[in-house]
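Architecture and fold: a report
These are the residues of each chain, in order.
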Amino acid sequence: VQELINKATEKCFAKCVPKPGTSLTSSDEACLARCLDRYMEAFTVVSRTYTARIS
Amino acid sequence: VQELINKATEKCFAKCVPKPGTSLTSSDEACLARCLDRYMEAFTVVSRTYTARIS
Amino acid sequence: VQELINKATEKCFAKCVPKPGTSLTSSDEACLARCLDRYMEAFTVVSRTYTARIS
Amino acid sequence: QAHARVNDSIRNLTGMCWDKCITSTPGSRFARGEESCLSNCVERFLDTSIYIVTQVQRQQQQLLQAQGDS
Amino acid sequence: QAHARVNDSIRNLTGMCWDKCITSTPGSRFARGEESCLSNCVERFLDTSIYIVTQVQRQQQQLLQAQGDS
Amino acid sequence: QAHARVNDSIRNLTGMCWDKCITSTPGSRFARGEESCLSNCVERFLDTSIYIVTQVQRQQQQLLQAQGDS
């Protein structure tokens, strides 16, 4: 789980904070929250598809 | 060898299947076959050059 | 330190030698020397900021 | 250990298919086509993996046969 | 060991923030804005890291509460 | 072990030089210039590696000398 969160942090930082400024704005945070939700959903879709396929 | 094949799979999937659809078309497969051959050839060129240089 | 130098080599090769020719020109070497200095400086800035933040 | 390998694969596939399929700014749900792209990405990657391994095996077979003939 | 982990983080952050901030050809000093971009990159990445962990914990809390209620 | 390190280097160089040199869709042979780009890529990377190590050593030398002078 830790590694999944690290990966989500890296991907969402790349997407939501392209030009790091002097603070994290509230719109950066809103983007990060949505991005985290989507990343976890993507993980679920990938797990489901992969498991269905190899079993 | 396993790791080389994994790398070839990753690189050729990126090149030949940019937009994954509902199946692998025959033109995707033709691209993958050529890509695999080129990747192995690239590995040979790199090995030969590297070995000649460090020996 | 070895890993830092490897990373600098990789990043500076990408930046200064985009199209590898039959030899390393003197302008490639000048670029590499400046790039190495900047990479080490970047490492210092990142270390300083990180350490100040987590201590 | 097999379990750990499956988990690794799923984590790697998530990262790779995320980069391939999620190109818009993250919204409160997936954009049109993103979710099907993710599952197609996994399926096609597994197809690719099988196809490549089959090709490698076929070539090794041909090489062995050619050696046997000579 | 904690020391090795900190060193790893600093090395990784250097690589990531280098790619994000150093876009010009390397000169005899940093170009305008590159040095502040590097330190902002580290600070904002740590902010992001904390924000994401907090979000995950909040969601787990809500999940546990919802299970307790039912 | 040295053998494994050489194999790792060759695999990494193959991936890196592939990305740098093979930009067209794969054909039934390399496109014009791709094969020479691959071998130049390996040679120039090794040159770069040697050049960077030499620079680092020279700077360490200067640092030690400066310390000796003071």
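Okay, so let's go over this structure. None of these values were measured; they are calculated from a predicted model.

In this section: the overall build of chain A. When helices and strands are tallied, chain A shows 2 helices and 0 strands. Reported as C-alpha extents along the three principal axes, the dimensions of chain A are approximately 50 × 15 × 15 Å. Only carbon and sulfur atoms are counted for the fraction: they give 53% of the accessible area of chain A, which is about 2800 Å².

One frequently used descriptor of interface size is the decrease in accessible area upon assembly of the parts. Contacts between the two partners involve 20 residues from chain A, matched on the other side by 26 residues from chain D. When chain A packs against chain D, close to 2300 Å² is buried across both sides, 70% of that on carbon and sulfur atoms. Together, Arg38(A), Tyr50(A) and Arg53(A) form the three largest contributors to the area buried by chain A at its contact with chain D, with a combined 30%. On inspection of chain A and its partner chain D, the count reaches 4 salt bridges. Linking Asp47(D) and Arg53(A) is a salt bridge whose minimum nitrogen-to-oxygen distance equals 2.6 Å.

This next bit is on the packing of helix α2 (residues 26-54) of chain A against helix α2 (residues 34-69) of chain E. Closest axis-to-axis distance for the α2(A)/α2(E) pair is 10 Å, and the angle between their directions is 55°. Here α2(E) runs oblique to α2(A), going by the angle between their axes. In this structure, α2(A) meets α2(E) at a crossing whose hand is right-handed. Residues Glu29(A), Leu32(A), Ala33(A), Leu36(A) and Asp37(A) of α2(A) touch α2(E), and the partners they reach there are Thr48(E), Tyr51(E), Ile52(E), Gln55(E), Val56(E) and Gln59(E). Looking at the contact of α2(A) with α2(E) residue by residue, the class counts come to 6 nonpolar, 3 polar and 2 charged.

So, about the packing of helix α1 (residues 2-21) of chain D against helix α2 (residues 34-69) of chain D. Residues and elements named next belong to chain D. Contact pair α1 / α2: the axes reach a minimum separation of 9 Å and the direction vectors enclose 130°. Between α1 and α2, the angle is such that the two are oblique. Once α1 is placed against α2, the crossing between them reads as right-handed. Of α2, the residues touching α1 (which contributes Leu13, Met16, Cys17, Trp18, Lys20 and Cys21) are Glu34, Cys37, Leu38, Cys41, Val42 and Phe45. Looking at the contact of α1 with α2, its residues break down into 10 nonpolar, no polar and 2 charged.

This part is about the environment of Phe13(B). Within the element layout of this structure, Phe13(B) appears in helix α1 (residues 2-16). For the pair formed by Phe13(B) and Asp37(B), sequence separation is 24 residues and the distance between their alpha carbons is 14 Å. Excluding anything up to four places from it in sequence, Phe13(B) contacts Pro18(B), Leu32(B), Met16(D), Lys20(D), Cys41(D), Arg44(D), Phe45(D) and Thr48(D).

Right, let's talk about the interface of chain A and chain E for a bit. Counting from both sides, the interface comprises 18 residues of chain A and, opposite them, 16 residues of chain E. Across the chain A/chain E interface, buried area totals approximately 1600 Å², and carbon plus sulfur atoms make up 73% of it. Our count for the contact surface shared by chain A and chain E stands at 0 salt bridges. Of all elements in the fold, only α1 (2-16) and α2 of chain A reach the threshold of two or more residues within the side of chain A that touches chain E.

The next thing to look at is the packing of aromatic side chains. Two measures describe an aromatic ring pair: the distance that separates the ring centres and the angle between the ring planes. For the structure on display, the rule yields 6 aromatic pairs over all chains. Their ring planes at 65° and their centres at 4.9 Å tell us that Tyr39(B) and Trp18(F) sit as a pair that is edge-to-face. Pair noted here: Tyr39(B) is in helix α2 (residues 26-54) and Trp18(F) is in helix α1 (residues 2-21), and the two residues belong to different chains. Classification of Tyr39(B) by relative accessible area gives buried; the value is 0%. Residue class for Trp18(F) comes out buried when judged on its relative accessible area of 2%. The ring of Phe30(D) carries Arg38(A) above its face, with NZ or CZ at 5.7 Å from the centroid.

This part covers helix α1 (residues 2-21) of chain E. Along its 20 residues, α1(E) runs 28 Å from first to last C-alpha, staying within 8% of the 28 Å computed at 1.5 Å per residue. Within α1(E) the residues assigned to the buried category are Ile10(E), Arg11(E), Leu13(E), Thr14(E), Gly15(E), Cys17(E), Trp18(E) and Cys21(E).

Cut-offs used in this document
Residues numbered from 1 in each chain as written. Chains lettered and ligands numbered in written order. Predicted model: local features only at pLDDT ≥ 70, side-chain atom pairs only at ≥ 80, totals over all residues. Heavy atoms only, no water. Helix = DSSP H or I, 4+ residues; strand = E, 2+ residues; numbered from the N terminus. Areas by Shrake-Rupley, 256 points an atom, 1.4 Å probe, with all protein chains shown as cover. Contact = heavy atoms within 4.5 Å. Buried area = accessible area lost by both parts, 1.4 Å probe. Salt bridge = Lys/Arg side-chain N within 4 Å of Asp/Glu carboxyl O. Axes fitted to C-alpha atoms, helices over the stretch in contact; angles between N-to-C directions. Parallel < 35°, antiparallel > 145°, perpendicular 65-115°, else oblique. Left-handed = near helix turned anticlockwise from the far one by under 90°. Nonpolar A, V, L, I, M, F, W, Y, C, P; charged D, E, K, R; others polar. Phe/Tyr/Trp six-rings, centres within 6.5 Å; stacked < 30°, edge-to-face > 60°. Buried < 20%, exposed > 50% of the residue type's maximum accessible area, 1.4 Å probe, protein only. Lys NZ or Arg CZ within 6 Å of the ring centre and 35° of its normal. Expected span 1.5 Å × (residues − 1).

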